[in-house]
Amino acid sequence: DAGVTQSPTHLIKTRGQHVTLRCSPISGHKSVSWYQQVLGQGPQFIFQYYEKEERGRGNFPDRFSARQFPNYSSELNVNALLLGDSALYLCASSPEWGSDTQYFGPGTRLTVL
Amino acid sequence: GQQVMQIPQYQHVQEGEDFTTYCNSSTTLSNIQWYKQRPGGHPVFLIQLVKSGEVKKQKRLTFQFGEAKKNSSLHITATQTTDVGTYFCAGIPTDSWGKLQFGAGTQVVVTP
């Protein structure tokens, strides 16, 4: 079975631009979470979606938004990019919402110049 | 800032030696999870502990959840070069259901 997939794998943007990252969860998983991992740190929780509804949000500005589609795939959008948004963006899926194990995708490496 | 703290930040180990990494939370956790991230890779789930005082073993790895459900430890015996990577603990505070909080990780380097 395929694991969590993310696209693109790498992305280079300039300050002020907008970016959309995509994630497809493991088949049968209904929950998708997004994390930001800055080099040398642990993943920071951004959003969790379950059954197309936002169920949790971390301490990120309103420039960050996300949505989940009927097929449970998800998009993360970041507007007005800043240099500090450069990071590895990880998507993780789990069967249900709550305390389930997170299955991580390979991530999207975003570089903001 | 992160409410889940891990020590040490770096661990240099001679192959064959044992070591322990510790995880502490400022709040009570509903569960604790451990992940391993190889250089250039993504976090991979190792184990989940739910009960107070729970101890679980995976071959050379022993995981423990504290009685107060605020701390955890990972002990690796007879370290091998395949143990290289960063080990993260992650917990869900009882008052923040679903918001998995990661520690900063312990980066493990193994010297042959």
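Provided above is the structure to which this section pertains.
Note that the structure is a prediction, hence the values are computed from the model and not measured.

K.L.:
I'm lost on the state of the cysteines in this one. Help?
P.N.:
In a disulfide, the sulfur atoms of two cysteines are held together by a covalent bond. All names here are of chain A. A full pass over the atoms with the stated rule returns two disulfides over all chains. With a sulfur-sulfur separation of 1.8 Å, cysteine 23 is cross-linked through a disulfide to cysteine 91. Linking cysteine 23 and cysteine 91, the disulfide has an S-S dihedral of approximately -60 degrees and is accordingly described as left-handed. Pair noted here: cysteine 23 is in strand E3 (residues 19-24) and cysteine 91 is in strand E9 (residues 87-94), with a separation of 68 residues, a long-range link. A relative accessible area of 3% means that cysteine 23 is categorised as buried.

K.L.:
Help me understand the layout of surface pockets, please; the structure alone is not making it clear to me.
P.N.:
It is the rolling of a water-molecule-sized probe over the atoms that shows where space remains empty. Residues and elements named next belong to chain B. The volume enclosed by the largest pocket comes to roughly 490 Å³. Going through the elements one at a time, strand E9 (85-93) and strand E11 (106-111) are the ones with two or more residues in the lining of the largest pocket. If you tally residues by element for the lining of the largest pocket, the top one is E9, at three residues. In terms of residue class, the lining of the largest pocket is built from 10 nonpolar, 12 polar and two charged.

K.L.:
Sorry, what's going on with the side chain of A:Thr108 here?
P.N.:
By the secondary structure assignment, A:Thr108 is in strand E11 (residues 108-112). If sequence neighbours within four positions are ignored, A:Thr108 has contacts with A:Gln6, A:Ser7, A:Pro8, A:Thr9, A:Leu21, A:Ala87, A:Leu88 and A:Tyr89.

K.L.:
Where do I start with the environment of A:Thr5 in this structure?
P.N.:
Residue and element names in this part refer to chain A. Position of threonine 5 among the secondary structure elements: in strand E1 (residues 5-7). Taking relative accessible area as the criterion, threonine 5 reaches 41% and is therefore assigned partly exposed. In the structure, threonine 5 is positioned 102 residues away from glycine 107 in sequence and 8.2 Å away in space, judged by C-alpha atoms. Those residues within four positions of threonine 5 in sequence are excluded, and the remaining contacts are Arg22, Cys23 and Ser24.

K.L.:
Quick question: what am I supposed to make of the interface of chain A and chain B here?
P.N.:
How big an interface is tends to be stated in terms of the accessible area lost upon association of its parts. On the side of chain B, 19 residues touch chain A, which itself brings 22 residues to the contact. When chain A packs against chain B, the two sides together hide about 1600 Å² of surface, and 57% of this comes from carbon and sulfur. In this assembly, chain A and chain B are joined by zero salt bridges. Elements with a contribution of two residues or more to the side of chain A that touches chain B: strand E4 (31-37), strand E5 (44-50), strand E6 (53-57) and E9 of chain A. With three residues, E5(A) is the single largest residue contributor to the side of chain A that touches chain B. Class assignment for the residues of the side of chain A that touches chain B results in eight nonpolar, 12 polar and two charged.

K.L.:
Is there a simple way to think about the pairing of strand E7 (residues 61-65) of chain B in this case?
P.N.:
For a regular strand, side chains alternate in direction, first toward one face of the sheet and then toward the other. All names here are of chain B. Along E7, the buried face is formed by Leu61, Phe63 and Phe65; none of Thr62 and Gln64, which line the opposite face, is buried. For strand E6 (residues 55-58) and E7, the ladder comprises four bridges, and the chain directions are antiparallel. By the bridge assignment for E7, glutamine 58 is matched with leucine 61. Here E6 folds back onto E7, and the loop between the two strands holds two residues, one of which, lysine 59, carries a positive phi near 55 degrees. Connecting the antiparallel pair E7 and strand E8 (residues 71-76) is a turn made up of five residues, with lysine 69 showing a positive phi of about 60 degrees.

K.L.:
So what exactly am I meant to see when it comes to the sheet that holds E7(B) here?
P.N.:
Hydrogen bonds between backbone atoms are what pair the strands of a sheet, whose relative direction is either parallel or antiparallel. All names here are of chain B. The strand order across the open sheet built from five strands is E1-E3-E8-E7-E6, with neighbouring strands paired in antiparallel fashion. Of all strands in the sheet, those bounded by a partner on one side alone are strand E1 (4-7) and E6. With strand direction ignored, the average angle separating the axes of adjacent strands in the sheet is 15 degrees. As paired strands, strand E3 (residues 19-25) and E8 are joined by six bridges and run antiparallel to one another. Bridge assignment links phenylalanine 19 to a residue of E8, and that residue is isoleucine 76.

Reading guide: rules and limits
Residues numbered from 1 in each chain as written. Chains lettered and ligands numbered in written order. Predicted model: local features only at pLDDT ≥ 70, side-chain atom pairs only at ≥ 80, totals over all residues. Heavy atoms only, no water. Disulfide = S-S within 2.5 Å. Helix = DSSP H or I, 4+ residues; strand = E, 2+ residues; numbered from the N terminus. Buried < 20%, exposed > 50% of the residue type's maximum accessible area, 1.4 Å probe, protein only. 1 Å grid on protein atoms, 1.4 Å probe; cavity = no way out; pocket = protein on both sides within 12 Å on 5 of 7 lines; lining within 4 Å. Points joined across faces, edges and corners; volume = space filled by probe spheres on them. Nonpolar A, V, L, I, M, F, W, Y, C, P; charged D, E, K, R; others polar. Contact = heavy atoms within 4.5 Å. Buried area = accessible area lost by both parts, 1.4 Å probe. Salt bridge = Lys/Arg side-chain N within 4 Å of Asp/Glu carboxyl O. Pairing = 2+ DSSP bridges. Axes fitted to C-alpha atoms, helices over the stretch in contact; angles between N-to-C directions.

That is the geometry; function is a separate question.
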